[in-house]
Amino acid sequence: MKPVSLIQFMIEERRAGHVNAELSLLIEVVARACKRIAVATNKGALGGVLGMAGSEDALSMNIQGEAQKKLDVISNEILLEANAWGGHLAACASEEMEDPQPIPDMYPKGNHLLLFDPLDGSSNIDVNISVGTIFSVLRCPDGVTEPKAVDFLQPGTAQLAAGYVVYGPATVLVLTFGHGTHEFTLDREVGSFVLSRRDIRIPAETAEFAINMSNQRHWQAPMQRYIGDLLAGKDGPRGKDFNMRWVASMVADVHRIVTRGGVFYYPLDAKILQQGGKLRLMYEANPMAFIVEQAGGAATTGRERIMALQPTALHQRVPVFLGSRREVELATHYHRSADEAPG
Ligand code: AFP
C-alpha cells in the first residue's frame, strides 16, 4: 500500500469535513516544530542540550516551581516561534509560561488556542529515556481578540484536536480530531510523518498497569485497596496476575497503552492533596483523555470523567486514571463506592 503522509491524511480529513484549513495548517506547524524538537533531543550530549537551564547558582524555574531543563526551554521556544506567524492562532499557553502568550501584532491572528507541554518527562532526558510533547487545540471564544487565561478554561469536550509526539527509538505522532485516533511515524530520510496506524483501538481489558509504587503509603484508601487486589494476582479477588511498568514519562507510558493496552494511574495522594494532583489538566490530562477515549479507552480522575471537568485555572492539576476501559471503570468504581459508603 502507498504510504500516506500527514499532509495527505489531513487533506482527506478536510474533505470529510473533520477539520478546516486553519486547523490543518495549525497541526502541520505543530508537527514541523516537533520534528525540530526531535532533532534537538536526538543530538543529546553532542548538541549541548542536556542538563539544567539557568546557572548553577540560579536555576531557571517554571510556573510550577520546577527547575527547567535546557531542552524544556528550547522546546518551548521552538513551538512558540513556529506558531507565531502562521495566522492560525489567537494565543498559546504552555506548561513553561505563567500566562498565555499573545500572537505578536506584526502577524495575522486566527481563531484557535493552542496549549502544550513542550517536553513532558524531561527528568528522563539526561538518561536517554523517551520524552514527548503533548498538545491540545481549542477554539478562541467569539469576539475575543486578545485571549487571556480565562478564555482557555474550556472543558476537554471542547477540544478540536489533541496529540502527542513521543521522541523514542522512533519519533511518533498520535493525533485525534474527534474522529478516531491515528498514529504517524517520522520517516527521517524523507522528513515527513507517515500514517502507521489508522483508527487505533485500545483493548477494553488488560493485565498491565502503570503507577509510581513509591507513593503507595500516601494514597487514599480506595487506591490502596484496588492496587492491593491487582498485586494479589491470581490468588486474589481479580483471579489473574498483573504486570507493572513505569517510565515516568507520561507520553511513553500512554504510548504503550495506545499500542498494546494497559492503564496509567497518577492518583491523589497525601503529598499532593493541596495541589489537587500531579498532572496538569489543560495540556496533559485533557489531550491524553481525548486521544484515549477516541481509541475506545476511558479517562477519569478516579471519580469523574476528565473531559467533563470545568477547568478553574490554566495550570490546574488533577488525578489521572486512563487506558483500557474496563480496568479504568473498575478503579473508578472502587473510589465512587467508597465515597458513597455510609459513615
Ligand atoms: P517531568 O516532566 O518533571 O519529568 O514530569 C513528568 C510527569 O509529569 C509525567 O510525564 C510522568 O508520568 C510523571 O510526571 C512522573 O512522576 P514521578 O516523578 O512521580 O514518577
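The rules behind the values
Residues numbered from 1 in each chain as written. Predicted model: local features only at pLDDT ≥ 70, side-chain atom pairs only at ≥ 80, totals over all residues. Heavy atoms only, no water. Phe/Tyr/Trp six-rings, centres within 6.5 Å; stacked < 30°, edge-to-face > 60°. Helix = DSSP H or I, 4+ residues; strand = E, 2+ residues; numbered from the N terminus. Buried < 20%, exposed > 50% of the residue type's maximum accessible area, 1.4 Å probe, protein only. Salt bridge = Lys/Arg side-chain N within 4 Å of Asp/Glu carboxyl O. Axes fitted to C-alpha atoms, helices over the stretch in contact; angles between N-to-C directions. Parallel < 35°, antiparallel > 145°, perpendicular 65-115°, else oblique. Left-handed = near helix turned anticlockwise from the far one by under 90°. Contact = heavy atoms within 4.5 Å. Pairing = 2+ DSSP bridges. Near = heavy atom within 4 Å. Polar contact = N/O pair within 3.5 Å; in protein donor to acceptor, adjacent residues only side chain to side chain. Areas by Shrake-Rupley, 256 points an atom, 1.4 Å probe, with all protein chains shown as cover. 1 Å grid on protein atoms, 1.4 Å probe; cavity = no way out; pocket = protein on both sides within 12 Å on 5 of 7 lines; lining within 4 Å. Points joined across faces, edges and corners; volume = space filled by probe spheres on them. Nonpolar A, V, L, I, M, F, W, Y, C, P; charged D, E, K, R; others polar. Domains from an automatic or database assignment. Buried area = accessible area lost by both parts, 1.4 Å probe.

To continue, consider the packing of aromatic side chains. Overall, the coordinates contain 6 aromatic pairs when judged by the stated rule. A centroid spacing of 5.5 Å and a plane angle of 85° characterise the contact between Tyr 226 and Tyr 265, whose relative ring orientation is edge-to-face. Residue Tyr 226 is found in helix α5 (residues 221-231), and its partner Tyr 265 is found in strand β11 (residues 263-266); the two are separated by 39 residues along the sequence. Here Tyr 226 matches Tyr 265 in class, with each residue buried.

This brings us to the pattern of salt bridges. Throughout the structure, instances matching the rule amount to 13 salt bridges. The residue Arg 256 makes a salt bridge to Glu 208 at a minimum N-O spacing of 3.7 Å. Note that Arg 256 is positioned in helix α6 (residues 250-260) and Glu 208 in strand β9 (residues 208-210), a separation of 48 residues in sequence. Its salt-bridge partner being Arg 305, residue Glu 293 comes within 2.8 Å of it at the nearest N-O pair. Separated by 12 residues along the polypeptide, Glu 293 in helix α7 (residues 281-294) and Arg 305 in the loop between β13 (298-300) and β14 (317-318) bring together distant segments of the chain. For Glu 293, a relative accessible area of 22% puts it in the partly exposed group. Connected through salt bridges with shared partners, the residues Glu 208, Asp 253, Arg 256 and Arg 260 form a single ionic network.

The subject of this paragraph is α7. The buried count for α7 comes to 12 of 14 residues, which makes it a mostly enclosed element. Within the sequence span of α7, burial applies to Leu 281, Met 282, Tyr 283, Glu 284, Ala 285, Asn 286, Pro 287, Met 288, Ala 289, Phe 290, Ile 291 and Val 292. Among the residues trailing α7, Gly 296 stands out with phi positive, at a value near 90°.

On to the packing of helix α2 (residues 21-43) against helix α3 (residues 70-84). The relative placement of two packed helices comes down to the angle between their axes together with the axis-to-axis distance. Where α2 contacts α3, the two axes come as close as 9 Å, and the packing angle between them is 150°. As far as their axial angle goes, α3 and α2 are roughly antiparallel. Considering how the two elements wind past one another, α2 and α3 form a crossing that is right-handed. Residues Leu 26, Val 29, Val 30, Ala 33, Arg 36, Ile 37, Ala 40 and Thr 41 of α2 form the contact with α3, whose participating residues are Leu 71, Ser 75, Ile 78, Leu 79, Glu 81, Ala 82 and Asn 83.

Attention now goes to the sheet that holds strand β6 (residues 171-176). Note: strands within a sheet are paired through backbone hydrogen bonds, in either parallel or antiparallel orientation. Taken together, the 8 strands give an open sheet; going across it, the order is β2-β1-β3-β4-β5-β6-β7-β8, and neighbouring strands pair in mixed fashion. The strands lining the two open edges of the sheet, one partner per strand, are β2 (101-102) and β8 (192-197). Sitting on the sheet, α6 touches β3 (112-120), β4 (131-139), β5 (161-167), β6, β7 (181-187) and β8, and the angle it makes with β5 is about 105°. Where α7 meets the sheet, it contacts β1 (89-94), β3, β4, β5, β6 and β7, and its direction lies at approximately 85° from that of β4.

Looking along a regular strand, one sees the side chains alternate between the two faces of the sheet. Taking burial as the measure, the 6 residues of β1 include 6 buried ones, the bulk of the element. Sheet topology places β1 next to β3; 5 bridges connect them, and they run parallel. Its bridge partner lying in β3, Leu 89 is registered against His 112. Direction of pairing for β1 relative to β2: antiparallel, over a ladder of 2 bridges. Its bridge partner being in β2, Cys 92 is matched across the sheet by Gln 101. Joining the antiparallel neighbours β1 and β2 is a turn of 6 residues.

The subject of this paragraph is the site of the ligand. With respect to spatial proximity, 15 residues lie near the ligand, and among them Asp 120, Ser 123, Asn 212, Met 250 and Tyr 266 are the closest. A distance of 2.8 Å separates an oxygen atom of the ligand from a polar atom in the side chain of Asp 120. The separation between an oxygen atom of the ligand and a polar side-chain atom of Asn 212 is 2.9 Å. With the chains in place, 82% of the 480 Å² that the ligand exposes on its own is no longer accessible. Elements with a minimum of two residues in the shell around the ligand: β11 and β12 (279-280).

What follows covers empty space enclosed by the protein. What the rule picks out here adds up to 1 cavity of 30 Å³ or more. If you add up the space inside the largest cavity, you get close to 40 Å³. Residues belonging to the lining of the largest cavity are distributed by class as follows: 4 nonpolar, 3 polar and 1 charged.

Let's shift gears to the domain arrangement of the protein chain. When the domains of the protein chain are assigned, the result is domain 1 (6-197) and domain 2 (208-340). On a C-alpha basis, the centres of domain 1 and domain 2 stand 24 Å from each other. Listed per partner, the contact involves 49 residues of domain 1 and 31 residues of domain 2. Across the domain 1/domain 2 interface, buried area totals approximately 2,900 Å², and carbon plus sulfur atoms make up 61% of it. Here domain 1 is connected to domain 2 by 1 salt bridge. Between Arg 280 and Glu 95 there is a salt bridge, with its nearest N and O atoms 2.8 Å apart.

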